[in-house]
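# Inside the fold
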Amino acid sequence: MSKGLPKRSEDYSLWYNELVKKAGLAENSAVRGCMVIKPYGYAIWEKMQRVLDDMFKATGHSNAYFPLFVPKSLFEAEEQNAEGFAKECAVVTHYRLQTDPDKPGKLRVDPAAKLEEELIVRPTSEAIIWSTYKNWIQSYRDLPLLINQWANVVRWEMRTRLFLRTAEFLWQEGHTAHATAEEAVEETVKMMNVYADFAEQYIALPVIRGVKTPSERFAGALDTYCIEGLMQDGKALQAGTSHFLGQNFAKAFDVKFATKEGGLEHVWGTSWGVSTRLMGALVMAHSDDEGLVLPPNLAPIQVVIVPIYKGEEQLAQISEKVNQLKRELEAKGISVKYDNRDTERPGYKFAEWELKGVPVRIAIGARDLENGTAEIARRDTKEKSTQQFAGLADYIPALLDEIQKNIFDRALAYRETHTTKVDTYEEFKDVLENKGGFVLAHWDGTPETEERIKEETKATIRCIALDTPEEDGVDMLTGKPSKQRVYFAKAY
């Protein structure tokens, strides 16, 4: 099997795009800027959904679903939010087609079917949800209101890349309402930490937890918390955001509640979301020139077993042993694929499952039957070993845990060696150009300095990390005083 993948070191972008396609994760569609998520890719997204959904419900949230369309008058009610997304909106203006009298067999928009009010295809759902919350919230007894929805959204991107930036993408968006600012801030931070735990425990991606600068905040938020990961090309990727909305949306949609004391106040809001962009993070953080490297906790197939045989009699003997092992592993919650196809040779199968990133491969042949052994190959290190077949039901679960930890540790080591403190603008530009990764530097806190650095270097402030200690210093560009370093990087 010829994989035909470019090398990461030669063209990282091309390597990523080809790997996503060849590994069967996704492909471009007939709709410009949109993608088809293929079954293997969707199986990974389903595992992400399942885990995150359990985490949301464990923190008290319930799922609901809201309309895809937002009337323009609702969308523009919160001005900052509307302005922030205006350039990315798809707009529905008509509701009917008709046959084209000038072009037989073709259709045209019926000019008589113009909507009285345009509908925005949701780029995010704050407007439609907060207009609904006005009907759901009357009293302090209705709070907190903790709602999540799994949905698709549309943001009209001009330059797209599979999973990372597409005109339509899948995500979840949480929207909560609270009686006090303190409760809303607590919720915002809690959900950022849920995302961080998911990224580290399942995607095996170490992340920086922090807060965005005012210029990088979500439109309509008072504060945006985020998690930032580092990809293997030294670029950062925002893997999740959680927003403290203050009372902005409550005031825009007049969402008030009767307090215990008998007063009437606007509620305090949050919103938070992660998307199929996490699939891009999964690929870019761990994979290699041979294909995907999937953490066992998210791999659709955790173990693949390939028989090596001559004749139906040998295959029957091998299958008897394999099916017993498969049952034992599946009873422990491990997903197993027995690849006994007779249409492909073992070498082809090895290459295919390596490309697809299956964490553990077991090969068993006639000699293994005689010796009571099997060959075990792990995807993360490509190491092979011979193990006693009788002990595999206990050995494999421990090996999967070891692989999960190793993939995380490797990503953490990369981040640590690619996080650099600098004090001068010359050092800053040198690191960005020649090393990449996160750059820790002092910033004077002004949007003017932030914008100038972005224009000159294409690096942005990814976040002000929550665990960064105060440290007196001076801005590398302006020389003005600064109280702490912030994380800069070039980013997706």
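I will try to describe carefully the structure that is included in this document. (Residues numbered from 1 in each chain as written. Predicted model: local features only at pLDDT ≥ 70, side-chain atom pairs only at ≥ 80, totals over all residues. Heavy atoms only, no water.)

### Structural notes on helix α2 (residues 39-58)
- With 20 residues, α2 should cover 28 Å at 1.5 Å per step; its first-to-last C-alpha distance of 28 Å lies within 8% of that length.
- Those residues of α2 lying buried are Tyr40, Gly41, Ile44, Trp45, Lys47, Met48, Gln49, Val51, Leu52, Asp53, Met55 and Phe56.
- In the stretch just after α2, Gly60 is the one whose phi turns positive, near 95°. (Helix = DSSP H or I, 4+ residues; strand = E, 2+ residues; numbered from the N terminus. Expected span 1.5 Å × (residues − 1). Buried < 20%, exposed > 50% of the residue type's maximum accessible area, 1.4 Å probe, protein only.)

### Quick notes on a nonpolar patch on the surface
- Where nonpolar side chains cluster on the molecular surface, the patch consists of Leu97, Leu107 and Val109 and spans about 290 Å² of accessible area.
- Within the fold, Val109 resides in strand β7 (residues 107-109).
- Among the residues examined, Val109 registers a relative accessible area of 43% and is labelled partly exposed. (Patch = residues over 30% accessible without salt bridge, like charges linked within 9 Å, V, L, I, M, F, W, Y side chains within 5 Å. Areas by Shrake-Rupley, 256 points an atom, 1.4 Å probe, with all protein chains shown as cover. Salt bridge = Lys/Arg side-chain N within 4 Å of Asp/Glu carboxyl O.)

### Describing the side chain of His418
- Tracing the sequence through the fold places His418 in the loop between α12 (392-417) and β22 (419-421).
- A polar side-chain atom of His418 sits 3.1 Å from a polar atom in the side chain of Thr417.
- Ignoring sequence-local partners within four residues, the contact set of His418 consists of Leu230, Lys435, Gly436, Gly437 and Phe438. (Polar contact = N/O pair within 3.5 Å; in protein donor to acceptor, adjacent residues only side chain to side chain. Contact = heavy atoms within 4.5 Å.)

### Details of helix α8 (residues 277-286)
- In terms of burial, α8 is largely enclosed, as ten of its ten residues are buried.
- Looking only at α8, the buried set comprises Arg277, Leu278, Met279, Gly280, Ala281, Leu282, Val283, Met284, Ala285 and His286.
- Lining the buried residues of α8 we find α1 (12-22), α2, α6 (181-201), β13 (236-246), β16 (268-275) and α12.

### Notes on a negative patch on the surface
- Judged by side-chain charge, Glu426, Glu427, Asp430 and Glu433 come together as a negatively charged surface patch.
- Summarising the element assignment, Asp430 is placed in helix α13 (residues 425-434).
- The exposure class of Asp430 is partly exposed, given its relative accessible area of 43%. (Lys, Arg positive; Asp, Glu negative; His and termini not counted. Charge placed at Lys NZ, Arg CZ, Asp CG, Glu CD.)

### Quick look at the packing of α2 against α6
- In contact at an axis separation of 11 Å, α2 and α6 are set at 145° when each is read in the N-to-C sense. You can see that α2 and α6 cross each other, and the crossing is right-handed. Contacts from Met48, Val51, Leu52, Met55 and Phe56 in α2 reach Met191, Val194, Tyr195, Asp197 and Phe198 in α6.
- In the contact of α2 with α6, the residues fall into nine nonpolar, no polar and one charged. (Axes fitted to C-alpha atoms, helices over the stretch in contact; angles between N-to-C directions. Left-handed = near helix turned anticlockwise from the far one by under 90°. Nonpolar A, V, L, I, M, F, W, Y, C, P; charged D, E, K, R; others polar.)

### Points about the sheet that holds strand β12 (residues 223-230)
- If you walk across this open sheet you meet the eleven strands as β3-β9-β10-β16-β13-β12-β11-β24-β27-β23-β22, and the pairing is mixed. Bordering the open sheet on either side are β3 (62-63) and β22, each of which pairs with just one other strand.
- Bridge count between β13 and β16: five bridges; the pairing is antiparallel. When the sheet's bridge partners are listed, Gly246 is paired in β16 with Gly269.
- Across the sheet, α12 lies against β11 (208-211), β12, β22 and β23 (438-442), angled at about 25° from β22, the strand it touches most. (Pairing = 2+ DSSP bridges.)

### Details of the pattern of salt bridges
- Within this structure, the stated rule accounts for 29 salt bridges.
- A salt bridge links Asp197 to Arg209; the shortest N-O distance between them is 3.4 Å. Of this pair, Asp197 sits in helix α6 while Arg209 sits in strand β11, placing them twelve residues apart in sequence.
- For Arg209, a relative accessible area of 26% corresponds to the partly exposed category.
- One salt-bridge network, in which partners are shared between bridges, spans Asp339, Arg341, Lys349 and Glu352.

### As for the packing of aromatic side chains
- If you walk through the whole model with that rule in mind, you get 16 aromatic pairs.
- Ring geometry for Tyr133 against Trp136: centres 5.7 Å apart, planes inclined by 35°, an arrangement best described as tilted. Here the residue Tyr133 and the residue Trp136 both occupy positions in helix α5 (residues 126-136), the gap between them amounting to three residues, near one helical turn.
- The exposure class of Trp136 is partly exposed, given its relative accessible area of 38%.
- Lying over the aromatic face of Tyr492, Lys235 brings its terminal NZ or CZ to 5.1 Å of the ring centre.
- If you follow Arg361 out to its NZ or CZ, it ends over the ring of Phe350, 3.9 Å from the centre. (Phe/Tyr/Trp six-rings, centres within 6.5 Å; stacked < 30°, edge-to-face > 60°. Lys NZ or Arg CZ within 6 Å of the ring centre and 35° of its normal.)

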